[in-house]
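What follows is each chain in one-letter form.
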Amino acid sequence: MISFEKALDLILNSARYLGDEPVDFMEAQNRVLAEDVFSDVDMPPFDKAAMDGFACRRADLGSELEVIETLAAGQVPQKTIGEGQCTRIMTGAMVPEGADTVIMVEQTEETGHERIRFTGEKTTPNIAYKAEDVKTGDLMWKKGQPILPSHIAIFAAVGCTSPLVAKQPRVAILSTGDELVEPQQKPGPGMIRNSNAWQLVAQVKSANCIPNYMGIVPDTPEDTEAAITKALAENDVVLLTGGVSMGDFDYVPAAMKKNNVEILFQKVAVKPGRPTVFGTTGNSYIFGLPGNPVSSYINFEVFVKPLLYKLMGHDFKPYELTLPMGVNYKRKKADRLEWLPVDINEQGEVIPVGYHGSAHIHAVCLSKALMKIPVDTFELTKGESVHVRPL
Ligand code: AMP
Ligand code: MG
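Residues numbered from 1 in each chain as written. Chains lettered and ligands numbered in written order. Predicted model: local features only at pLDDT ≥ 70, side-chain atom pairs only at ≥ 80, totals over all residues. Heavy atoms only, no water.

1. A few points about the packing of helix H1 (residues 4-14) against helix H6 (residues 293-311)
This is how the line gets drawn: For helices, the axis comes from a line fit to the C-alpha atoms of the stretch in contact; other axes are also lines fit to C-alpha atoms, and the angle between any two N-to-C directions lies between 0 and 180 degrees. By definition, any uninterrupted DSSP run of H or I lasting at least four residues is a helix, any uninterrupted run of E lasting at least two residues is a strand, and each is numbered from the N terminus. When an angle is under 35 degrees it counts as roughly parallel; over 145 it counts as roughly antiparallel; between 65 and 115 it counts as roughly perpendicular; any other value is oblique. A crossing counts as left-handed when the near helix is turned anticlockwise from the far one by less than a right angle, and as right-handed when that turn is clockwise. We call two residues in contact whenever any of their non-hydrogen atoms come within 4.5 Å of each other. Only Asp, Glu, Lys and Arg are considered charged, only Ala, Val, Leu, Ile, Met, Phe, Trp, Tyr, Cys and Pro nonpolar, and every remaining residue, Gly among them, polar.
Two elements in contact, H1 and H6, have axes separated by 9 Å at closest approach and are oriented at 25°. Judged on the interaxial angle alone, H6 and H1 are roughly parallel. Regarding H1 and H6, the two cross each other, and that crossing is right-handed. Contacts between H1 and H6 pair Phe4, Ala7, Leu8, Ile11 and Leu12 from the former with Val302, Phe303, Pro306, Leu307 and Lys310 from the latter. Broken down by class, the residue content of the contact of H1 with H6 amounts to 9 nonpolar, no polar and 1 charged.

Okay, here's the thing in structure tokens:
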């Protein structure tokens, strides 16, 4: 049995980048950027009015001002501001030559036809200066980073309409188990619905990879081997659930070996999900995840997701918070790193939810985070800092 950290290292060290492709920038959301994107413009591109008002000389704020022009956003000033003059200006318009201040319309009054006066006590310049946000040639977003809505705005602003992004891994999902029926069916005696596969489809989508559900595999060595052969041939990553423990009908590890998969580990010191298997054929990667839905869920989050991102060139660093325990917590054994579904109360304290073990997927629905309990930690006391990963 290997540690959580060692297992994650083995997974990440085996991962090879899958390559890239250009996409239309509106299709780039949640993809991983595969090139550095630079700006081809200054932002703002010119000194820009930050308020609706009048552009003038600060030295003239005490005097009455003559309005010599009106500027809408998008218009180029035709006149230079001289002593005692101003231009009526809208937010976003170019500040005319000669002006160093834009006074807000709310701080002025009309004193005659096209004549105004500053009525405020003081004012900031209210000018967004050329290139103060971004200079031409500045790095806007980095290779290896996911693309979020604000990055789409950046791509639009710098004219990057077909960014290079990482190819998305195609991920086969297979459930093993003679007891399984699909969600549309009512389970007969001894049977249960296949929930893992559909949970994995959703998890693969949330990592923005391509899920490829390949069905329920009967618990025979032949069926398991054939299903793995087909899945490895057609996908970058293969996820199986069930059939990895010590039962009489657990054929997944042996069927992987028959497919010339190099198995890198078969047991990890984690709870839940000890009998997790991982291997590679060199150009595809295969996980045998435990059959219980919480184990499958958590091991996807902690092992599969980092692999999928690494294949897309992104170094995934899960978001972890340090929060105080809201209650005392004890466990009997501490030989494994445990991920426990927990709630976070309004005071920001961590409260374990009612949880009956790795079949109890409903407990995950009712929790806000997974708490990490390190190896050798038997007890946590109220107020003690713990690490949690928000879900
Ligand atoms: P196994 O790892 O095959 O021994 O399965 C462990 C437990 O998980 C058993 O109670 C199974 O019935 C259950 N299980 C296995 N596969 C699934 C699945 N696809 N959906 C829900 N539960 C499952
Ligand atoms: Mg089974």
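Now that the structure has been shown, the text picks up again.
2. Digging into the packing of helix H3 (residues 196-206) against H6
The contact between H3 and H6 brings their axes to 10 Å, and the two run at 30°. The angle between H3 and H6 places the two elements in the roughly parallel class. Handedness of the crossing formed by H3 with H6: right-handed. Every residue of H6 that contacts H3 at Asn196, Gln199, Leu200, Gln203, Val204 and Ser206 is listed here: Pro293, Ser296, Tyr297, Phe300, Glu301 and Tyr309. Taken together, the residues of the contact of H3 with H6 sort by class into 6 nonpolar, 5 polar and 1 charged.

3. Observations concerning the environment of Asn283
Stated formally: Think of it in three bands: residues with accessible area under 20% of the maximum for their type are buried, residues over 50% are exposed, and the middle band is partly exposed, with areas taken using a 1.4 Å probe on protein chains only. Each polar contact in these results corresponds to two N or O atoms within 3.5 Å; when the atoms are within protein, one needs to be able to donate a hydrogen and the other to accept it, and residues that are neighboring in sequence are counted only if both atoms are side-chain atoms.
With respect to the helices and strands, Asn283 occurs in the loop between strand S20 (277-280) and strand S21 (285-289). Judged by its relative accessible area of 52%, Asn283 is exposed. Apart from the residues lying within four places of it in its own chain, the contact partners of Asn283 are Arg16 and Asp236. There is a polar contact of 3.4 Å between the side chain of Asn283 and the side chain of Thr281.

4. Digging into the packing of aromatic side chains
Applicable threshold: Under the pairing criterion, centres of Phe, Tyr and Trp rings, with the six-membered ring standing for Trp, must be within 6.5 Å; the plane angle then separates stacked pairs below 30 degrees from edge-to-face pairs above 60, leaving the rest tilted.
A full pass over the atoms with the stated rule returns 7 aromatic pairs. Centre to centre, the rings of Phe278 and Phe287 are 4.7 Å apart; their planes meet at 45°, and the pair counts as tilted. Here Phe278 falls in the buried class, since its relative accessible area comes to 0%. Taking relative accessible area as the criterion, Phe287 reaches 0% and is therefore assigned buried. Plain terms: the ring middles of Tyr309 and Phe316 are 5.2 Å apart, the flat faces sit at 15° to each other, and that makes the pair stacked. On the accessibility criterion, Tyr309 (11% relative accessible area) is buried. Through successive ring pairs, a cluster of aromatic residues spans Phe4, Phe265, Phe278, Phe287, Phe303 and Trp339.

5. A closer look at the state of the cysteines
Note the following rule: The term disulfide is used for any two cysteine sulfur atoms that are within 2.5 Å.
For the coordinates displayed, the defined rule picks out 0 disulfides. Residue Cys56 stays outside any disulfide, its sulfur separated by 6.5 Å from that of Cys86, the closest cysteine.

6. Quick word on the layout of surface pockets
To be explicit about the condition: The distinction between a cavity and a pocket rests on a 1 Å grid over the protein atoms alone: a 1.4 Å probe fits inside a cavity but cannot get out, while a pocket stays open yet meets protein on both sides within 12 Å along at least five of seven lines, and a residue with an atom within 4 Å of a point counts as lining. Grid points are joined across faces, edges and corners, and a volume is the space filled by probe spheres set on the points.
Counted as a void, the largest pocket has a volume near 410 Å³. Contributions of two or more residues to the lining of the largest pocket are made by strand S13 (170-176), strand S15 (192-193) and H6. In terms of residue class, the lining of the largest pocket is made up of 7 nonpolar, 14 polar and 4 charged.

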